[in-house]
Amino acid sequence: MTNNEVPQGGFAEAGADLELVGISKRFPGFTAIEELDLTIPAGSFFALLGPSGCGKTTTLRLIAGLEEPTTGRILIGGRDVTSTRAYQRPVNTVFQSYALFPHMTIIENVAFGLKRRGIKNADPLAHEALQLVELDHVANRKPAQLSGGQQQRVALARAVVNRPALLLLDEPLGALDLKLRRQMQIELKDIQSEVGLTFLHVTHDQEEAMTMADTVAVMNKGRIEQMGNPQELYELPHTAFVATFLGQSNLFTGEVTSSGSSSISVDVSGTTIDVRSDRAQRHRGRVTVGVRPEKVTLYDSAPKQSSDRNVVGPGRVTDVSFSGVSTQYEVTLPTHGVVTVFSQNTSITAMHHDGDEVWLSWDVGHTFGLADESYTAAGSRFQDDTDTSMIATQSREKLEAELGAD
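Throughout what follows, the structure given in this document is the object of discussion. Here the structure is a predicted model, which is why all the values come from computation and not from measurement. (Residues numbered from 1 in each chain as written. Predicted model: local features only at pLDDT ≥ 70, side-chain atom pairs only at ≥ 80, totals over all residues. Heavy atoms only, no water.)

Observations regarding the overall build of the chain
Broken down by element type, the chain carries 10 helices and 20 strands. Buried positions account for 51% of the 406 residues belonging to the chain. Taking all contacts inside the chain whose residues are at least 6 apart in sequence as the whole, residues at least 24 apart take part in 70%. Counting only carbon and sulfur atoms, one obtains 47% of the accessible surface of the chain, whose full area is about 17900 Å². (Helix = DSSP H or I, 4+ residues; strand = E, 2+ residues; numbered from the N terminus. Buried < 20%, exposed > 50% of the residue type's maximum accessible area, 1.4 Å probe, protein only. Contact = heavy atoms within 4.5 Å. Areas by Shrake-Rupley, 256 points an atom, 1.4 Å probe, with all protein chains shown as cover.)

Describing the packing of aromatic side chains
In this description, a pair of aromatic rings is defined by centroid distance and the angle of the planes. Applying the stated rule across the entire model yields five aromatic pairs. Between Phe 241 and Phe 245, the ring centres sit 5.6 Å apart and the planes meet at 5°, which makes this aromatic pair stacked. Taken together, the positions of Phe 241 and Phe 245, both in helix H9 (residues 240–245) and four residues apart, correspond to about one turn of that helix. Residues Phe 241 and Phe 245 agree in their burial class; the two are buried. Sitting over the ring of Phe 27, Lys 25 keeps its end group 5.1 Å from the ring centre. A cation sits over an aromatic face here: Arg 292 above Tyr 234, 4.0 Å from the ring centre. (Phe/Tyr/Trp six-rings, centres within 6.5 Å; stacked < 30°, edge-to-face > 60°. Lys NZ or Arg CZ within 6 Å of the ring centre and 35° of its normal.)

Overview of the side chain of Thr 367
Mapped onto the elements of the fold, Thr 367 is located in the loop between strand S19 (357–363) and strand S20 (368–369). With a relative accessible area of 1%, Thr 367 lands in the buried category. Within the local environment of Thr 367, its side chain forms a polar contact with the backbone oxygen of Asp 274, the two atoms lying 3.5 Å apart. With near-sequence residues (within four places) excluded, Thr 367 lies in contact with Ile 273, Asp 274, Val 275, Arg 279, Val 289, Gly 290, Asn 310 and Trp 362. (Polar contact = N/O pair within 3.5 Å; in protein donor to acceptor, adjacent residues only side chain to side chain.)

Thoughts on the pairing of strand S4 (residues 71–76)
If a strand is regular, its side chains alternate between the two faces of the sheet. Taken together, the five bridges between strand S1 (residues 18–27) and S4 define a ladder with antiparallel strand orientation. Counterpart to Leu 18 in the pairing with S4 is Ile 76. When S4 meets strand S5 (residues 79–80), the two strands line up antiparallel, connected through two bridges. Within S5, the position partnered with Leu 75 by the bridge is Asp 80. Remark: two residues form the turn of the hairpin made by S4 and S5, two consecutive strands paired antiparallel; Gly 77 in that turn has positive phi of roughly 60°. (Pairing = 2+ DSSP bridges.)

Here we look at the pattern of salt bridges
What the rule picks out here adds up to 11 salt bridges. A salt bridge links Lys 295 to Glu 235; its shortest N-O distance comes to 3.3 Å. Of the two residues, Lys 295 is situated in the loop between strand S14 (286–291) and strand S15 (297–299) and Glu 235 in helix H8 (residues 230–235); the sequence distance between them amounts to 60 residues. Taking relative accessible area as the criterion, Lys 295 reaches 19% and is therefore assigned buried. (Salt bridge = Lys/Arg side-chain N within 4 Å of Asp/Glu carboxyl O.)

A closer look at the sheet that holds strand S8 (residues 198–203)
Pairing within the open sheet is mixed, and its six strands lie in the order S6-S7-S8-S3-S9-S10. Two strands lie at the open edges of the sheet, namely strand S6 (91–95) and strand S10 (223–228), each paired on one side alone. Looking at each pair of strands side by side, their axes are set apart by 20° on average, direction ignored. Note: strand S3 (residues 45–49) against strand S9 (residues 215–220), four bridges, orientation parallel. (Axes fitted to C-alpha atoms, helices over the stretch in contact; angles between N-to-C directions.)

Here we look at a negative patch on the surface
On the surface, Asp 17, Glu 19, Glu 35 and Asp 37 cluster together into a patch of negative charge. With respect to the helices and strands, the residue Glu 19 is situated in strand S1. Residue Glu 19 is classed as partly exposed on the basis of its relative accessible area of 35%. (Patch = residues over 30% accessible without salt bridge, like charges linked within 9 Å, V, L, I, M, F, W, Y side chains within 5 Å. Lys, Arg positive; Asp, Glu negative; His and termini not counted. Charge placed at Lys NZ, Arg CZ, Asp CG, Glu CD.)

Here's the deal with helix H5 (residues 148–160)
Its 13 residues place the ends of H5 18 Å apart at the C-alpha level, agreeing with the 18 Å of an ideal helix rising 1.5 Å per residue. Within H5, 12 of the 13 residues are buried, which leaves it mostly tucked inside the rest of the structure. Here H5 has its buried residues at Gly 149, Gln 150, Gln 151, Gln 152, Arg 153, Val 154, Ala 155, Leu 156, Ala 157, Arg 158, Ala 159 and Val 160. The inward-facing, buried residues of H5 contact S6, helix H3 (106–116), helix H4 (122–132), strand S7 (166–170) and helix H6 (178–195). (Expected span 1.5 Å × (residues − 1).)

Thoughts on the environment of Asn 109
Take Asn 109: it is sitting in helix H3. Residue class for Asn 109 comes out buried when judged on its relative accessible area of 0%. When residues no more than four places from it in sequence are discounted, the contact partners of Asn 109 are Leu 100, Phe 101, Met 104, Pro 143 and Arg 158.

Structural notes on the packing of H3 against H5
Interhelical geometry of H3 versus H5 gives an angle of 30° and a closest axis separation of 8 Å. It follows that H3 is roughly parallel to H5 by the angle criterion. In the crossing of H3 with H5, the sense of the turn from one axis to the other is right-handed. Contacts from Ile 106, Asn 109 and Val 110 of H3 reach H5 at Val 154, Ala 157 and Arg 158. Tallied by class, the residues present in the contact of H3 with H5 amount to four nonpolar, one polar and one charged. (Parallel < 35°, antiparallel > 145°, perpendicular 65-115°, else oblique. Left-handed = near helix turned anticlockwise from the far one by under 90°. Nonpolar A, V, L, I, M, F, W, Y, C, P; charged D, E, K, R; others polar.)

Encoded structure:
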């Protein structure tokens, strides 16, 4: 494909596989990415999720061609692009900052890259892209006349108009307010389904990743900690980092006292917590088990013991937060510390109050066992994304300078 052609045919129209093989990136004094292997199937919506410093922005820059890997290969559609310059890759990037030209109209912004490459039907193609994001009616306005959400949709249209094999989304919704961000999450997913391109979305927002992506990779310390569909990651996290970064979890550490074919029992400070064997990553020794706050039920008195329920208590309610749809309780247990409970407000019932004595219970099938031997609070390990604003600016400026792919 030459620079003055709009991609046509199966390769670009259907998106392309992205494959990272043994990718490492080292900077003086620290390692950003360690031996990363990743395959993203063509036409999928994939999210790379993690906190600042985990390596996700560096990964995006490597794929875009804005950084060179220390080791490893990058393949798009089976073609090795490791040494290919950014503007020669079948890749476009949508940034959080929109990066629209303020002196140009919306249609001029969207058609700009096409015209730079000498595409004769640039304006009709730009109108088609604007129709896709439902903004063709503002084609003659300037960016300053649009809302933040509209500007982001224009930036998306400008990226999609070239039909790249791979579209990179670099925290694209971070500058929007909550209501607009949720609306854009749905719209982005719909657009991806319609155009059929391969989307790689880099974000630190857990809800955003789970709402839009078919597959989520949780990144930590320059490696992928766990990867799967959103429900799988949430319901069955494998590590304490995933359990606490992707939503909230109550975690307990203890010794395995019995291990059978169907379940294991863990002694946590004198209380037995059972876990199904197929939901436990470790079956002997010292292990960490957990349960999500919304799976836990509060009781005013000790519930009846049964083989299919875990019971912990008594404890005392030490904090109550009413949010409308649910009430969040913090319960302090003498031997287990603070446990969080989310109680959905499905009916008008008496709420628990500070100081109330309560017991906690949940279905054994909702307990998960982690690969970690014991739980320690996960923190930022190193500084890959310490200056994310600088990285985003550099990425945008370099792509704009090489606008053959923008």
